[in-house]
Amino acid sequence: MNSLIDKYNIPGPRYTSYPTVPYWDDSTFTPEKWKESVIRSFNESNAEEGISIYIHLPFCEALCTFCACHKRITKQHSVEVPYLESVLKEWRLYLELFDEKPKLKELHLGGGTPTFFSPENLKTLLEGIFTTVDIAEHPEFSFEGHPNNTTKEHLQTLYDLGFRRVSFGVQDYDPKVQKAINRIQPFENVKNVTEWAKEIGYRGISHDLVFGLPHQTWEAMENTIRKTMELKPDRLAFYSYAHVPWVKGVGQRGFDEGDLPSGEEKRRLYEDGKKLLQDLGYIEVGMDHFSLEHDDLYQSLIHKKLHRNFMGYTSSNTQLMVGLGMSAISDSWYAFAQNVKTVEEYQTMVEEGKIPVVKGHVLNEEDLIVRRHILNLMCQLETTFNIDNSFPELDNALEMLKEMENDGLVEISGKEIKITEAGRAFTRNVAMVFDLRMMRNKPETRIFSMTI
(Lines give C-alpha, C1' and ligand atoms only; values in the text may rest on other atoms or scores of the structure.)
Protein backbone atom coordinates (compact mmCIF):
# COMPACT_ATOMS: atom_id res chain seq x y z
CA MET A 1 0.00 0.00 0.00
CA ASN A 2 2.82 2.42 0.81
CA SER A 3 4.26 2.20 -2.71
CA LEU A 4 0.80 2.86 -4.19
CA ILE A 5 0.32 5.91 -1.98
CA ASP A 6 3.76 7.16 -3.02
CA LYS A 7 2.70 6.72 -6.64
CA TYR A 8 -0.80 8.19 -6.49
CA ASN A 9 -0.57 10.81 -3.72
CA ILE A 10 -0.67 13.84 -6.00
CA PRO A 11 -2.59 17.13 -5.95
CA GLY A 12 -6.18 16.58 -7.06
CA PRO A 13 -9.76 17.86 -6.68
CA ARG A 14 -12.33 16.56 -4.18
CA TYR A 15 -14.94 16.61 -6.97
CA THR A 16 -17.88 18.23 -5.24
CA SER A 17 -18.49 19.43 -8.80
CA TYR A 18 -17.36 18.90 -12.36
CA PRO A 19 -15.89 21.00 -13.78
CA THR A 20 -14.05 21.91 -10.58
CA VAL A 21 -14.08 25.58 -9.63
CA PRO A 22 -10.56 26.40 -10.96
CA TYR A 23 -11.67 25.20 -14.40
CA TRP A 24 -14.92 27.09 -14.65
CA ASP A 25 -15.13 29.04 -17.91
CA ASP A 26 -16.28 32.55 -17.04
CA SER A 27 -16.17 33.58 -20.69
CA THR A 28 -19.41 31.68 -21.42
CA PHE A 29 -21.14 32.65 -18.18
CA THR A 30 -23.50 35.56 -17.50
CA PRO A 31 -26.04 36.19 -14.73
CA GLU A 32 -28.79 35.93 -17.37
CA LYS A 33 -27.59 32.49 -18.50
CA TRP A 34 -27.51 31.46 -14.86
CA LYS A 35 -31.13 32.52 -14.37
CA GLU A 36 -32.15 30.66 -17.54
CA SER A 37 -30.52 27.47 -16.26
CA VAL A 38 -32.24 27.84 -12.88
CA ILE A 39 -35.64 28.23 -14.54
CA ARG A 40 -35.02 25.24 -16.79
CA SER A 41 -33.90 23.03 -13.91
CA PHE A 42 -36.74 24.15 -11.65
CA ASN A 43 -39.36 23.45 -14.32
CA GLU A 44 -37.90 20.00 -14.99
CA SER A 45 -37.55 18.83 -11.41
CA ASN A 46 -39.53 20.79 -8.83
CA ALA A 47 -42.82 18.88 -9.07
CA GLU A 48 -41.13 15.49 -8.68
CA GLU A 49 -38.02 15.76 -6.55
CA GLY A 50 -38.11 19.32 -5.21
CA ILE A 51 -35.10 21.58 -4.67
CA SER A 52 -32.24 21.99 -2.20
CA ILE A 53 -31.16 25.16 -0.44
CA TYR A 54 -27.71 25.76 1.03
CA ILE A 55 -27.34 28.80 3.30
CA HIS A 56 -23.83 30.06 4.01
CA LEU A 57 -23.55 31.65 7.45
CA PRO A 58 -19.98 32.98 7.40
CA PHE A 59 -19.34 34.45 10.84
CA CYS A 60 -16.95 32.90 13.37
CA GLU A 61 -15.76 34.33 16.67
CA ALA A 62 -12.24 32.95 16.18
CA LEU A 63 -10.10 31.78 13.27
CA CYS A 64 -9.38 28.04 13.12
CA THR A 65 -6.08 27.94 11.24
CA PHE A 66 -6.81 24.63 9.49
CA CYS A 67 -9.92 26.05 7.80
CA ALA A 68 -10.06 26.88 4.09
CA CYS A 69 -13.67 28.10 4.06
CA HIS A 70 -14.88 31.61 3.29
CA LYS A 71 -15.61 33.23 6.65
CA ARG A 72 -15.68 36.52 8.55
CA ILE A 73 -14.09 36.66 12.00
CA THR A 74 -15.98 38.87 14.46
CA LYS A 75 -17.33 38.88 17.99
CA GLN A 76 -19.92 41.53 17.10
CA HIS A 77 -23.27 39.76 17.00
CA SER A 78 -24.95 42.90 15.73
CA VAL A 79 -24.04 41.58 12.25
CA GLU A 80 -26.60 38.77 12.53
CA VAL A 81 -29.89 40.49 11.68
CA PRO A 82 -28.66 42.58 8.70
CA TYR A 83 -27.00 39.53 7.18
CA LEU A 84 -30.06 37.31 7.57
CA GLU A 85 -32.28 40.02 6.10
CA SER A 86 -30.01 40.00 3.03
CA VAL A 87 -30.28 36.22 2.74
CA LEU A 88 -34.08 36.44 2.74
CA LYS A 89 -33.96 39.21 0.12
CA GLU A 90 -31.72 37.04 -2.05
CA TRP A 91 -34.17 34.15 -1.74
CA ARG A 92 -37.01 36.42 -2.82
CA LEU A 93 -35.01 37.28 -5.96
CA TYR A 94 -34.93 33.56 -6.80
CA LEU A 95 -38.64 33.19 -6.07
CA GLU A 96 -39.32 35.72 -8.85
CA LEU A 97 -37.92 33.17 -11.33
CA PHE A 98 -40.39 30.42 -10.41
CA ASP A 99 -43.92 29.97 -11.79
CA GLU A 100 -44.98 27.75 -8.93
CA LYS A 101 -44.21 27.28 -5.26
CA PRO A 102 -40.90 25.50 -4.68
CA LYS A 103 -41.00 22.11 -2.98
CA LEU A 104 -38.17 22.08 -0.46
CA LYS A 105 -36.52 18.67 -0.16
CA GLU A 106 -33.14 19.49 1.35
CA LEU A 107 -31.78 22.36 3.42
CA HIS A 108 -28.33 22.78 4.93
CA LEU A 109 -26.89 25.53 7.11
CA GLY A 110 -23.13 25.74 6.62
CA GLY A 111 -20.36 28.14 7.49
CA GLY A 112 -18.49 29.70 9.00
CA THR A 113 -20.36 28.89 12.17
CA PRO A 114 -24.15 28.62 11.84
CA THR A 115 -24.47 28.45 15.64
CA PHE A 116 -22.78 31.87 15.85
CA PHE A 117 -26.33 33.07 15.19
CA SER A 118 -28.85 33.07 18.03
CA PRO A 119 -31.63 30.46 17.98
CA GLU A 120 -34.18 33.28 17.67
CA ASN A 121 -32.48 34.76 14.61
CA LEU A 122 -32.12 31.35 12.95
CA LYS A 123 -35.82 30.72 13.55
CA THR A 124 -36.70 34.06 11.92
CA LEU A 125 -34.55 33.19 8.88
CA LEU A 126 -35.99 29.71 8.45
CA GLU A 127 -39.61 30.70 8.98
CA GLY A 128 -39.05 33.43 6.38
CA ILE A 129 -38.11 30.70 3.88
CA PHE A 130 -40.67 28.10 4.98
CA THR A 131 -43.59 30.48 4.39
CA THR A 132 -42.63 30.60 0.70
CA VAL A 133 -42.25 26.86 0.02
CA ASP A 134 -44.01 23.53 0.32
CA ILE A 135 -42.05 21.11 2.48
CA ALA A 136 -41.45 17.80 0.69
CA GLU A 137 -42.30 14.49 2.27
CA HIS A 138 -39.35 13.24 4.36
CA PRO A 139 -37.22 16.39 4.01
CA GLU A 140 -33.51 16.37 4.82
CA PHE A 141 -32.65 19.39 6.99
CA SER A 142 -29.16 19.60 8.50
CA PHE A 143 -26.75 22.07 10.03
CA GLU A 144 -23.17 22.39 11.20
CA GLY A 145 -22.78 23.01 14.92
CA HIS A 146 -19.70 24.24 16.77
CA PRO A 147 -19.50 22.24 20.02
CA ASN A 148 -18.26 25.30 21.92
CA ASN A 149 -21.27 27.49 21.19
CA THR A 150 -24.11 25.16 20.21
CA THR A 151 -26.69 25.36 22.97
CA LYS A 152 -29.52 23.04 23.83
CA GLU A 153 -31.80 25.87 22.70
CA HIS A 154 -30.13 25.84 19.27
CA LEU A 155 -30.74 22.12 18.96
CA GLN A 156 -34.35 22.27 20.18
CA THR A 157 -35.26 25.28 18.03
CA LEU A 158 -33.90 23.71 14.86
CA TYR A 159 -35.42 20.33 15.69
CA ASP A 160 -38.82 21.98 16.09
CA LEU A 161 -38.32 23.48 12.61
CA GLY A 162 -37.76 20.04 11.07
CA PHE A 163 -34.00 19.51 11.38
CA ARG A 164 -32.94 15.94 12.11
CA ARG A 165 -29.25 16.00 11.18
CA VAL A 166 -26.36 17.84 12.75
CA SER A 167 -22.60 17.60 12.24
CA PHE A 168 -20.13 18.65 14.92
CA GLY A 169 -16.57 19.60 14.04
CA VAL A 170 -14.25 17.65 16.33
CA GLN A 171 -10.98 17.51 14.34
CA ASP A 172 -8.74 16.13 17.15
CA TYR A 173 -8.88 15.99 20.95
CA ASP A 174 -5.12 16.35 21.48
CA PRO A 175 -4.40 19.68 23.30
CA LYS A 176 -1.21 20.30 21.31
CA VAL A 177 -3.03 19.86 18.00
CA GLN A 178 -5.93 22.01 19.17
CA LYS A 179 -3.56 24.82 20.15
CA ALA A 180 -1.79 24.69 16.77
CA ILE A 181 -5.07 24.99 14.85
CA ASN A 182 -6.56 27.51 17.33
CA ARG A 183 -9.51 25.24 18.10
CA ILE A 184 -9.52 24.63 21.85
CA GLN A 185 -12.48 22.31 22.31
CA PRO A 186 -12.79 20.01 25.34
CA PHE A 187 -14.30 16.56 24.97
CA GLU A 188 -16.96 17.54 27.50
CA ASN A 189 -18.33 20.16 25.10
CA VAL A 190 -18.69 17.59 22.32
CA LYS A 191 -20.21 15.09 24.76
CA ASN A 192 -22.78 17.62 25.92
CA VAL A 193 -24.00 18.65 22.46
CA THR A 194 -24.06 15.06 21.19
CA GLU A 195 -26.08 13.83 24.17
CA TRP A 196 -28.45 16.80 23.93
CA ALA A 197 -29.02 16.05 20.25
CA LYS A 198 -29.77 12.39 20.99
CA GLU A 199 -32.07 13.34 23.85
CA ILE A 200 -34.02 15.77 21.64
CA GLY A 201 -34.42 13.17 18.88
CA TYR A 202 -31.85 13.86 16.16
CA ARG A 203 -31.28 10.73 14.11
CA GLY A 204 -28.33 11.77 11.97
CA ILE A 205 -25.56 12.96 14.29
CA SER A 206 -22.15 13.27 12.63
CA HIS A 207 -18.65 14.07 13.91
CA ASP A 208 -15.94 15.47 11.64
CA LEU A 209 -12.41 14.16 12.26
CA VAL A 210 -9.34 15.39 10.39
CA PHE A 211 -6.04 13.56 9.86
CA GLY A 212 -2.78 15.19 8.82
CA LEU A 213 -3.03 18.16 11.20
CA PRO A 214 0.09 19.76 12.74
CA HIS A 215 1.69 17.81 15.62
CA GLN A 216 -0.79 14.96 15.06
CA THR A 217 0.44 11.49 16.03
CA TRP A 218 -1.18 8.10 15.69
CA GLU A 219 -1.49 7.86 19.47
CA ALA A 220 -3.48 11.12 19.50
CA MET A 221 -5.57 10.07 16.50
CA GLU A 222 -6.37 6.70 18.08
CA ASN A 223 -7.40 8.45 21.30
CA THR A 224 -9.64 10.82 19.32
CA ILE A 225 -11.35 7.94 17.52
CA ARG A 226 -11.85 5.93 20.70
CA LYS A 227 -13.26 8.93 22.56
CA THR A 228 -15.56 9.53 19.60
CA MET A 229 -16.77 5.94 19.95
CA GLU A 230 -17.87 6.70 23.51
CA LEU A 231 -20.46 9.01 21.93
CA LYS A 232 -21.30 6.70 18.99
CA PRO A 233 -22.35 9.24 16.33
CA ASP A 234 -24.44 7.85 13.47
CA ARG A 235 -21.83 8.85 10.92
CA LEU A 236 -18.31 10.22 10.65
CA ALA A 237 -16.36 12.28 8.19
CA PHE A 238 -12.67 11.32 8.28
CA TYR A 239 -11.01 14.01 6.19
CA SER A 240 -7.47 14.55 5.05
CA TYR A 241 -6.32 18.01 6.10
CA ALA A 242 -6.22 20.13 2.94
CA HIS A 243 -3.08 22.23 3.34
CA VAL A 244 -3.68 25.03 0.83
CA PRO A 245 -1.98 28.15 2.25
CA TRP A 246 -1.44 29.43 -1.31
CA VAL A 247 -5.23 29.83 -1.45
CA LYS A 248 -5.97 31.06 2.06
CA GLY A 249 -2.72 32.83 2.97
CA VAL A 250 -1.79 33.32 6.62
CA GLY A 251 -5.04 31.72 7.75
CA GLN A 252 -3.32 28.37 7.27
CA ARG A 253 0.12 29.52 8.44
CA GLY A 254 -0.51 29.30 12.17
CA PHE A 255 2.18 26.58 12.28
CA ASP A 256 5.33 25.64 10.42
CA GLU A 257 5.46 23.18 7.53
CA GLY A 258 7.72 21.03 9.70
CA ASP A 259 4.90 20.62 12.23
CA LEU A 260 2.82 18.64 9.74
CA PRO A 261 3.05 14.82 9.80
CA SER A 262 5.45 13.39 7.22
CA GLY A 263 4.08 11.48 4.26
CA GLU A 264 4.67 8.18 6.04
CA GLU A 265 3.11 9.43 9.28
CA LYS A 266 0.05 10.75 7.45
CA ARG A 267 -0.33 7.40 5.66
CA ARG A 268 -0.47 5.66 9.01
CA LEU A 269 -3.04 8.13 10.34
CA TYR A 270 -5.25 7.33 7.35
CA GLU A 271 -4.73 3.57 7.11
CA ASP A 272 -4.84 2.76 10.82
CA GLY A 273 -7.65 5.27 11.41
CA LYS A 274 -9.77 3.71 8.68
CA LYS A 275 -9.12 0.19 10.01
CA LEU A 276 -9.99 1.19 13.56
CA LEU A 277 -13.24 2.82 12.44
CA GLN A 278 -14.19 -0.33 10.55
CA ASP A 279 -13.26 -2.53 13.51
CA LEU A 280 -15.57 -0.38 15.63
CA GLY A 281 -18.52 -1.00 13.31
CA TYR A 282 -18.39 1.91 10.86
CA ILE A 283 -18.83 1.21 7.16
CA GLU A 284 -17.02 3.27 4.54
CA VAL A 285 -19.46 5.24 2.38
CA GLY A 286 -18.17 7.01 -0.71
CA MET A 287 -14.95 8.89 0.04
CA ASP A 288 -13.91 10.13 3.51
CA HIS A 289 -17.25 9.16 5.08
CA PHE A 290 -18.24 6.32 7.41
CA SER A 291 -21.58 5.43 8.92
CA LEU A 292 -23.27 2.85 11.07
CA GLU A 293 -25.45 0.37 9.20
CA HIS A 294 -28.74 1.96 10.28
CA ASP A 295 -27.83 5.43 8.99
CA ASP A 296 -29.48 6.81 5.85
CA LEU A 297 -26.09 7.52 4.27
CA TYR A 298 -25.23 3.80 4.22
CA GLN A 299 -28.76 2.86 3.14
CA SER A 300 -28.44 5.31 0.23
CA LEU A 301 -25.17 3.67 -0.78
CA ILE A 302 -26.55 0.14 -0.92
CA HIS A 303 -29.68 1.31 -2.76
CA LYS A 304 -27.52 3.34 -5.19
CA LYS A 305 -29.17 6.63 -4.22
CA LEU A 306 -26.10 8.33 -2.76
CA HIS A 307 -25.48 11.81 -4.17
CA ARG A 308 -22.63 14.31 -3.94
CA ASN A 309 -22.72 18.07 -4.33
CA PHE A 310 -21.22 21.18 -2.75
CA MET A 311 -22.73 20.11 0.58
CA GLY A 312 -20.77 16.82 0.39
CA TYR A 313 -22.40 13.38 0.39
CA THR A 314 -26.17 13.36 0.81
CA SER A 315 -28.98 10.82 0.69
CA SER A 316 -31.13 13.31 -1.26
CA ASN A 317 -30.66 13.92 -4.96
CA THR A 318 -32.15 17.14 -6.28
CA GLN A 319 -31.37 18.66 -9.66
CA LEU A 320 -31.46 22.26 -8.41
CA MET A 321 -29.50 23.48 -5.41
CA VAL A 322 -29.77 27.19 -4.62
CA GLY A 323 -26.90 28.60 -2.57
CA LEU A 324 -27.77 31.66 -0.48
CA GLY A 325 -25.36 33.97 1.30
CA MET A 326 -21.87 35.33 0.81
CA SER A 327 -19.65 33.01 -1.33
CA ALA A 328 -22.38 30.33 -1.56
CA ILE A 329 -22.28 28.08 -4.62
CA SER A 330 -25.40 27.06 -6.53
CA ASP A 331 -25.91 24.17 -8.92
CA SER A 332 -28.68 23.89 -11.52
CA TRP A 333 -27.10 20.75 -13.07
CA TYR A 334 -26.68 22.73 -16.30
CA ALA A 335 -24.63 25.50 -14.68
CA PHE A 336 -22.80 26.52 -11.50
CA ALA A 337 -22.70 29.97 -9.93
CA GLN A 338 -20.83 31.40 -6.96
CA ASN A 339 -21.82 34.48 -5.00
CA VAL A 340 -19.49 37.38 -4.24
CA LYS A 341 -17.02 36.67 -1.46
CA THR A 342 -17.34 39.64 0.90
CA VAL A 343 -20.27 40.39 3.18
CA GLU A 344 -20.37 44.04 2.15
CA GLU A 345 -20.47 43.38 -1.59
CA TYR A 346 -23.03 40.64 -1.09
CA GLN A 347 -25.37 42.89 0.87
CA THR A 348 -24.95 45.76 -1.60
CA MET A 349 -25.86 43.62 -4.62
CA VAL A 350 -28.89 42.13 -2.91
CA GLU A 351 -30.09 45.61 -1.90
CA GLU A 352 -29.78 46.61 -5.57
CA GLY A 353 -32.09 43.74 -6.52
CA LYS A 354 -29.36 41.62 -8.13
CA ILE A 355 -28.78 37.93 -7.61
CA PRO A 356 -25.23 38.33 -6.24
CA VAL A 357 -23.31 35.88 -8.44
CA VAL A 358 -19.76 36.84 -9.33
CA LYS A 359 -18.64 33.88 -11.43
CA GLY A 360 -19.89 30.60 -12.80
CA HIS A 361 -19.81 27.99 -15.51
CA VAL A 362 -22.33 26.80 -18.09
CA LEU A 363 -21.83 23.09 -18.73
CA ASN A 364 -21.52 21.98 -22.34
CA GLU A 365 -22.44 18.53 -23.66
CA GLU A 366 -19.02 17.14 -22.88
CA ASP A 367 -19.10 18.50 -19.33
CA LEU A 368 -22.46 16.86 -18.67
CA ILE A 369 -21.17 13.45 -19.78
CA VAL A 370 -17.95 13.69 -17.80
CA ARG A 371 -19.84 15.00 -14.78
CA ARG A 372 -22.07 11.93 -14.77
CA HIS A 373 -19.06 9.57 -14.87
CA ILE A 374 -17.29 11.35 -12.03
CA LEU A 375 -20.47 11.47 -9.95
CA ASN A 376 -20.98 7.74 -10.49
CA LEU A 377 -17.44 7.01 -9.35
CA MET A 378 -17.62 9.27 -6.30
CA CYS A 379 -21.01 7.95 -5.17
CA GLN A 380 -21.35 4.38 -6.47
CA LEU A 381 -17.66 3.54 -6.99
CA GLU A 382 -18.47 2.42 -10.53
CA THR A 383 -19.51 3.73 -13.92
CA THR A 384 -20.42 2.43 -17.36
CA PHE A 385 -17.89 3.70 -19.86
CA ASN A 386 -19.95 4.18 -23.01
CA ILE A 387 -18.59 7.33 -24.62
CA ASP A 388 -19.42 8.65 -28.02
CA ASN A 389 -16.53 9.31 -30.37
CA SER A 390 -16.94 13.07 -30.25
CA PHE A 391 -14.78 13.07 -27.08
CA PRO A 392 -11.73 11.07 -28.18
CA GLU A 393 -9.68 11.98 -25.10
CA LEU A 394 -12.03 9.96 -22.95
CA ASP A 395 -11.13 6.89 -24.98
CA ASN A 396 -7.61 7.41 -23.67
CA ALA A 397 -9.00 7.13 -20.16
CA LEU A 398 -9.31 3.37 -20.63
CA GLU A 399 -5.57 3.17 -21.26
CA MET A 400 -4.88 5.18 -18.13
CA LEU A 401 -7.25 2.96 -16.15
CA LYS A 402 -5.45 -0.20 -17.25
CA GLU A 403 -2.46 0.80 -15.13
CA MET A 404 -4.77 1.32 -12.19
CA GLU A 405 -6.26 -2.11 -12.88
CA ASN A 406 -2.76 -3.60 -12.81
CA ASP A 407 -2.26 -1.90 -9.44
CA GLY A 408 -5.50 -3.43 -8.13
CA LEU A 409 -7.38 -0.15 -7.79
CA VAL A 410 -10.12 -0.80 -10.36
CA GLU A 411 -11.72 -3.72 -12.17
CA ILE A 412 -12.64 -3.34 -15.85
CA SER A 413 -15.18 -5.66 -17.45
CA GLY A 414 -16.32 -4.61 -20.90
CA LYS A 415 -17.62 -1.09 -20.37
CA GLU A 416 -18.01 -1.51 -16.59
CA ILE A 417 -15.42 0.15 -14.35
CA LYS A 418 -15.53 -0.57 -10.62
CA ILE A 419 -13.30 0.79 -7.89
CA THR A 420 -12.05 -2.08 -5.73
CA GLU A 421 -11.91 -2.14 -1.94
CA ALA A 422 -8.18 -1.43 -2.17
CA GLY A 423 -8.91 1.41 -4.57
CA ARG A 424 -11.30 3.33 -2.31
CA ALA A 425 -8.45 5.46 -0.97
CA PHE A 426 -7.68 6.47 -4.57
CA THR A 427 -11.22 7.40 -5.66
CA ARG A 428 -10.11 10.96 -6.45
CA ASN A 429 -7.32 9.60 -8.65
CA VAL A 430 -9.73 7.41 -10.61
CA ALA A 431 -12.07 10.36 -11.13
CA MET A 432 -9.13 12.47 -12.36
CA VAL A 433 -8.74 10.10 -15.31
CA PHE A 434 -12.02 11.50 -16.69
CA ASP A 435 -11.23 15.14 -15.93
CA LEU A 436 -10.81 16.45 -19.46
CA ARG A 437 -10.55 20.09 -18.44
CA MET A 438 -7.66 19.40 -16.12
CA MET A 439 -6.08 17.06 -18.66
CA ARG A 440 -6.05 19.80 -21.29
CA ASN A 441 -4.92 22.58 -18.96
CA LYS A 442 -2.58 21.11 -16.41
CA PRO A 443 -2.03 23.72 -13.68
CA GLU A 444 1.35 25.42 -13.71
CA THR A 445 1.09 26.06 -9.98
CA ARG A 446 -0.40 23.90 -7.24
CA ILE A 447 -4.13 24.57 -6.81
CA PHE A 448 -5.41 21.38 -5.15
CA SER A 449 -4.64 19.53 -1.93
CA MET A 450 -3.05 16.06 -2.03
CA THR A 451 -5.40 13.17 -2.82
CA ILE A 452 -4.37 11.03 0.15
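Residues numbered from 1 in each chain as written. Predicted model: local features only at pLDDT ≥ 70, side-chain atom pairs only at ≥ 80, totals over all residues. Heavy atoms only, no water.

Considerations on the confidence of the model for the chain
Residues at a pLDDT of 70 or more form 90% of the chain, whose mean pLDDT is 88. Low pLDDT, under 50, characterises residues 249–253; the predicted model gives this stretch 14 contacts beyond four residues in sequence or across chains. (pLDDT = per-residue confidence, 0-100. Contact = heavy atoms within 4.5 Å.)

Remarks on the UniProt feature "binding site: S-adenosyl-L-methionine 1" (unreviewed entry) in the chain
What UniProt calls "binding site: S-adenosyl-L-methionine 1" (unreviewed entry) maps, in this numbering, to Tyr 54, Gly 111, Glu 144 and Ile 329. Residue placement: Tyr 54 occurs in strand 1 (residues 51–57). With residues near it in sequence (within four places) discarded, Tyr 54 still touches His 108, Gly 110, Gly 111, Met 311, Val 322, Gly 323, Leu 324 and Ala 328. Here the side chain of Tyr 54 touches His 56 through a polar contact of 2.9 Å, side chain to side chain. Note on placement: Gly 111 falls in strand 4 (residues 103–111). (UniProt positions renumbered as here; feature names shortened; annotations may be inferred. Helix = DSSP H or I, 4+ residues; strand = E, 2+ residues; numbered from the N terminus. Polar contact = N/O pair within 3.5 Å; in protein donor to acceptor, adjacent residues only side chain to side chain.)

Overview of the pairing of strand 15 (residues 335–339)
Where burial is concerned, most of strand 15 is hidden: five out of the five residues are buried. Of the two faces of strand 15, both are covered, the one formed by Ala 335, Ala 337 and Asn 339 as well as the one formed by Phe 336 and Gln 338. Pairing of strand 14 (residues 329–331) with strand 15, which is carried by three bridges, proceeds in the antiparallel orientation. Paired with Ile 329 across the two strands is Gln 338, which belongs to strand 15. Where strand 14 folds back on strand 15, the antiparallel hairpin that results is connected by three residues, among which Trp 333 adopts a positive phi of roughly 75°. (Buried < 20%, exposed > 50% of the residue type's maximum accessible area, 1.4 Å probe, protein only. Pairing = 2+ DSSP bridges.)

Some points on the pairing of strand 7 (residues 204–211)
Most of strand 7 sits out of view: eight of its eight residues are buried. Burial along strand 7 is two-sided: the residues Gly 204, Ser 206, Asp 208 and Val 210 and Ile 205, His 207, Leu 209 and Phe 211 are all buried. Pairing of strand 6 (residues 165–171) with strand 7, which is carried by six bridges, proceeds in the parallel orientation. Bridged to Gly 169 within strand 7 is Asp 208. Here six bridges tie strand 7 to strand 8 (residues 235–240), and the two strands are oriented parallel to one another. Counted as the bridge partner of His 207 is Leu 236 from strand 8. Between the parallel elements strand 7 and strand 8, the chain passes through helix 8 (residues 218–231) in a crossover that is right-handed. (Right-handed = clockwise from strand over helix to strand, strands pointing away.)

Looking at the side chain of Gln 380
Within the secondary structure layout, Gln 380 lies in helix 13 (residues 365–380). Within the structure, Gln 380 has its side chain in polar contact with the backbone oxygen of Leu 306 (distance 3.3 Å). The contact partners of Gln 380, leaving out residues within four places of it in the chain, are Leu 301, Lys 304, Lys 305, Leu 306 and Leu 375.

Quick notes on the sheet that holds strand 18 (residues 410–413)
Judged by pairing direction, the sheet is antiparallel, and its three strands sit side by side in the order 17-19-18 without closing on themselves. Whereas interior strands pair on both sides, the edge strands pair on one side only; in this sheet they are strand 17 (382–384) and strand 18. Averaged over all adjacent pairs, the angle separating strand axes in this sheet is 10°, with direction ignored. Here strand 18 runs beside strand 19 (residues 416–419); their pairing, made up of four bridges, is antiparallel. (Axes fitted to C-alpha atoms, helices over the stretch in contact; angles between N-to-C directions.)

Things to note about the environment of Glu 403
Tracing the backbone through its elements, the reader meets Glu 403 in helix 14 (residues 392–406). Residue class for Glu 403 comes out partly exposed when judged on its relative accessible area of 43%. Sequence-distant contacts of Glu 403, that is, excluding residues within four places in its chain, are made with Lys 7 and Tyr 8. In this structure the side chain of Glu 403 is engaged in a polar contact, spanning 2.8 Å, whose partner is the side chain of Lys 7.

Some thoughts on the pattern of salt bridges
Taken as a whole and assessed by the stated rule, the structure comprises 23 salt bridges. The residue Asp 296 makes a salt bridge to Arg 203 at a minimum N-O spacing of 3.4 Å. In this pair, Asp 296 is assigned in helix 11 (residues 296–302) and Arg 203 in the loop between helix 7 (187–200) and strand 7, connecting sequence segments 93 residues apart. Residue Asp 296 is classed as partly exposed on the basis of its relative accessible area of 27%. Classification of Arg 203 as partly exposed rests on a relative accessible area of 39%. When salt bridges that share partners are traced, they join Glu 140, Arg 165, Arg 203 and Asp 296 into one network. (Salt bridge = Lys/Arg side-chain N within 4 Å of Asp/Glu carboxyl O.)

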